[in-house]
Amino acid sequence: MSTASVAEASWPQGSVNPDAGDVSRCKYVIKDSQLGDGYFSVVKECMNVYTRDRFAMKLISKKTVEGKLWLIQREVKLLKAVSAKIRELEQSQAACKDTFEGHHHVLQLFDYFETNQNIVLVTQLCSHGDLYEKIIEAGSLDVSKQVKSYTACLLSAIDFLHENGVVHRDLKAENVLFRCRVTELSEYSRRGSHYDHHAHDLILADFGLATNLNGNENELRECVGTVSYIAPEVVRCYGISRLAPSEAKTIPTYGAAIDVWALGVLAYFMMTGYMPFDCETDAETKKCISEGDYYVDEELKSDKSLDSKHFWNFVHLCFTIDASDRPRSQDLKKHPFVQEFFFTENQPEPFGDRIALVKSTSSSSLHNLGTPSRSSSSSSLAALGRSENGSSLNLINIESRDAKLDRVRETLKKTLSMTSIAPLRNNYVDPATQNKKNSTFKLEPMPPSNSLMNGCFSLTPESKSNFTTSPVVSRTHSSTEMGRIMSTGESNGTSLTRQSSGLGNEVTEDEYSKVASTTQRSSRKTGAQFDF
Ligand SMILES: Nc1ncnc2c1ncn2[C@@H]1O[C@H](COP(=O)(O)OP(=O)(O)OP(=O)(O)O)[C@@H](O)[C@H]1O
């Protein structure tokens, strides 16, 4: 997808003069509690006062991204292009026999604007937690019901992006959100289904590091991502910012294959509850990644079920060191681990002998088998002026490896016994008939353009607002590595979580519900515009 085809946004405008009234009123109210936060942003639930639709609002502090606005512009441009493509595909109603259609699982952008303090993105609301939480809560996921279907779903999402010339570059459990909770576990068992239908709720979010595969080739040498998830070809880009341009150019560019590597890391994390490439030190982790040296639990590997066997082969292929030899996302759809979710009839099988391969030796004891801590992306480390040691590397190192393994095994046993209680009635579901029925995707109508901000500058006049509270001090910062770096003063970024959004439109839960019903009444009765 070429973002060049999308009209160049004039935003952020920068040249507006708020004093001259060159502003728009904010068309959203926001909840004062937050859905989440990241290194750059805080995310809150909001409601469009004209349509009453609810969205997620990502508030990116201009102070935090000072001098790096291009990073946010890139994110907006990509999200706009991706959202337009999703709309186009869905409206074309092209027949698809796959259970998971990639464009159903990518975060959509609806609106964007700027205020004095923030750049604001209004996206699809995913208020049911993220995959990281889900894995940590469960210890690990069930290979047959969850790891397989979740991996298939994410594979469809990255394949959609790759097909459209986009590489995500930050695929990780923290960036996979759940849009809604369709069914309880018992319900999908009752329906005789063989996989967890929450797989249909997965949304790949955070396009902060995504870029075009056909754009500026220097971007494909940026050392970005989250350390535990980066591919060997990204490791090779460490320190590139310190090289002379002529020297930097000698480092090969990377491509879509880095997302395939990250998908392997995420599948492994779902299966085991720990990371394949997490060592005591950053240097050790990079070495393990470069050598494709990941830990294989002998006990898990000795599980001779077909799903387990296929799982190990799948991750082994994702961890192919040579990117040109690594299977592409479209090839992996034909892999026996996930193939039942994709329509691959009469297509050649691309793996040959490699399908039998699994890692033969267990790797060194360097690996950290503890529960990984939530990580922030080390976005273009050099570009952001941060030290390369400021990674999201897990630093848990107190327990012995054996103690950690025992703990992981215990959790795993518990998880397996809990999830295998309900017998399966019908082990095969025809994807062609089942996919639409189970999908939780519905293409939301695009709000009418007069209810959108469309990139403008907003200065909400607080005095005219019926629902404004004084600026809030929001909840504690999430304990990300980057959060810690910021609070210890190693970054000159400003923590957003200590500020209000600057919109002056935050409302409490009660006030928010009141706005919902008031707006409904007023717009239904009079069609009048809501006035702050
Ligand atoms: N659409 C959404 N719906 C609900 N919650 C969301 C949504 N988008 C983001 N969040 C929450 O906010 C958090 C931060 O969002 P996001 O990852 O986009 O920010 P970021 O500043 O780019 O983060 P990072 O530091 O990981 O780069 C997410 O981990 C998630 O918990």
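This one's a predicted model, so the numbers in the text were calculated from it and none came from an experiment.

Peer 1: Go over the UniProt feature "active site" (unreviewed entry) in the protein chain, please, and point to the residues and values.
Peer 2: Summarizing the sequence annotation, UniProt attributes the feature "active site" (unreviewed entry) to D170 in the numbering used throughout. By the element assignment, D170 lies in the loop between strand 6 (166-167) and strand 7 (176-178). Accessibility expressed as a relative area gives 2% for D170, which makes it buried.

Peer 1: Please provide a residue-by-residue account of the environment of L107, values included.
Peer 2: Among the secondary structure elements, L107 is positioned in the loop between helix 1 (69-92) and strand 4 (109-114). Distance from L107 to S156, taken between C-alpha atoms, is 13 Å for residues 49 residues apart in sequence. Not counting residues up to four positions away in its chain, the partners in contact with L107 are L79, S83, T123, Q124, C126, I203, L204, A205 and F207.

Peer 1: Which residues make up the confidence of the model for the protein chain, and what are the values?
Peer 2: Averaged over every residue, the pLDDT of the protein chain is 74; residues scoring 70 or more account for 65%. Taken as a whole, residues 2-15 scores under 50 in pLDDT and shows 26 contacts with residues more than four places along the chain or in a different chain. Every residue in residues 461-499 is under pLDDT 50, and counting partners more than four places away or in other chains gives 79 contacts. In the model output, the complex is listed with pTM 0.77 alongside ipTM 0.97.

Peer 1: Can you break down the pairing of strand 2 (residues 41-48) residue by residue, with the values?
Peer 2: Among the 8 residues of strand 2, 7 are classified as buried, and the element is accordingly described as predominantly covered. Inspection of the sheet shows strand 1 (residues 28-37) paired to strand 2 by 6 bridges, in the antiparallel sense. Bridge pairing links D37 to V42 in strand 2. Taking the residues between adjacent antiparallel strands as the criterion, strand 1 and strand 2 are bridged by 3 residues. What sits between strand 2 and strand 3 (residues 54-61) in their antiparallel hairpin is a turn of 5 residues, with R52 showing a positive phi close to 65°.

Peer 1: Quick one: what's the story with the UniProt feature "binding site: ATP" (unreviewed entry) in the protein chain, residue by residue and with numbers?
Peer 2: UniProt annotation of "binding site: ATP" (unreviewed entry) refers to K58, E174, N175 and D206 when read in the numbering used here. Within the secondary structure layout, N175 lies in the loop between strand 6 and strand 7. The topology assignment puts D206 in the loop between strand 8 (202-204) and strand 9 (211-212). Among the residues examined, D206 registers a relative accessible area of 23% and is labelled partly exposed.

Peer 1: Tell me about helix 2 (residues 131-138), and name the residues and values.
Peer 2: What helix 2 keeps buried is the set L131, Y132 and I135. Projected onto a plane normal to the axis of helix 2, the buried residues spread over an arc of 105° and lie on a single side. Contact partners of the buried residues in helix 2: helix 3 (143-163), strand 7 and helix 7 (257-272). You can read the cap of helix 2 off the contacts: a side-chain oxygen lies 3.1 Å from the backbone nitrogen of Y132, and it is on D130.

Peer 1: Go over helix 10 (residues 306-318), please, and point to the residues and values.
Peer 2: Across its 13 residues, helix 10 extends 18 Å between first and last C-alpha, which sits within 8% of the 18 Å expected from 1.5 Å per residue. Taken across its 13 residues, helix 10 has 10 buried, putting it largely inside the fold. Where helix 10 is concerned, the buried positions are D307, S308, H310, F311, W312, N313, F314, V315, L317 and C318. Looking at the buried residues of helix 10, the elements they touch are helix 3, helix 7, helix 9 (298-301) and helix 11 (329-332).

Peer 1: Would you mind going over the site of the ligand in detail, with residue names and values included?
Peer 2: Among the 21 residues in the neighbourhood of the ligand, the closest are listed as Y39, S41, K58, Q124 and C126. Between the ligand and the protein, one listed contact pairs an oxygen atom with a backbone N or O atom of Y39 at 2.7 Å. A distance of 3.0 Å is found between an oxygen atom of the ligand and a side-chain nitrogen or oxygen belonging to D206. The protein chains hide 91% of the 610 Å² of surface that the ligand would expose on its own. Counting only elements with at least two residues in the shell around the ligand, the list comes to strand 1, strand 2 and strand 3. If one sorts the elements of the shell around the ligand by residue count, strand 1 sits on top with 3 residues. Counted by class, the shell around the ligand contains 8 nonpolar, 8 polar and 5 charged residues.

Cut-offs applied
Residues numbered from 1 in each chain as written. Predicted model: local features only at pLDDT ≥ 70, side-chain atom pairs only at ≥ 80, totals over all residues. Heavy atoms only, no water. UniProt positions renumbered as here; feature names shortened; annotations may be inferred. Helix = DSSP H or I, 4+ residues; strand = E, 2+ residues; numbered from the N terminus. Buried < 20%, exposed > 50% of the residue type's maximum accessible area, 1.4 Å probe, protein only. Contact = heavy atoms within 4.5 Å. pLDDT = per-residue confidence, 0-100. Pairing = 2+ DSSP bridges. Arc of directions from axis to C-beta. Polar contact = N/O pair within 3.5 Å; in protein donor to acceptor, adjacent residues only side chain to side chain. Expected span 1.5 Å × (residues − 1). Near = heavy atom within 4 Å. Areas by Shrake-Rupley, 256 points an atom, 1.4 Å probe, with all protein chains shown as cover. Nonpolar A, V, L, I, M, F, W, Y, C, P; charged D, E, K, R; others polar.

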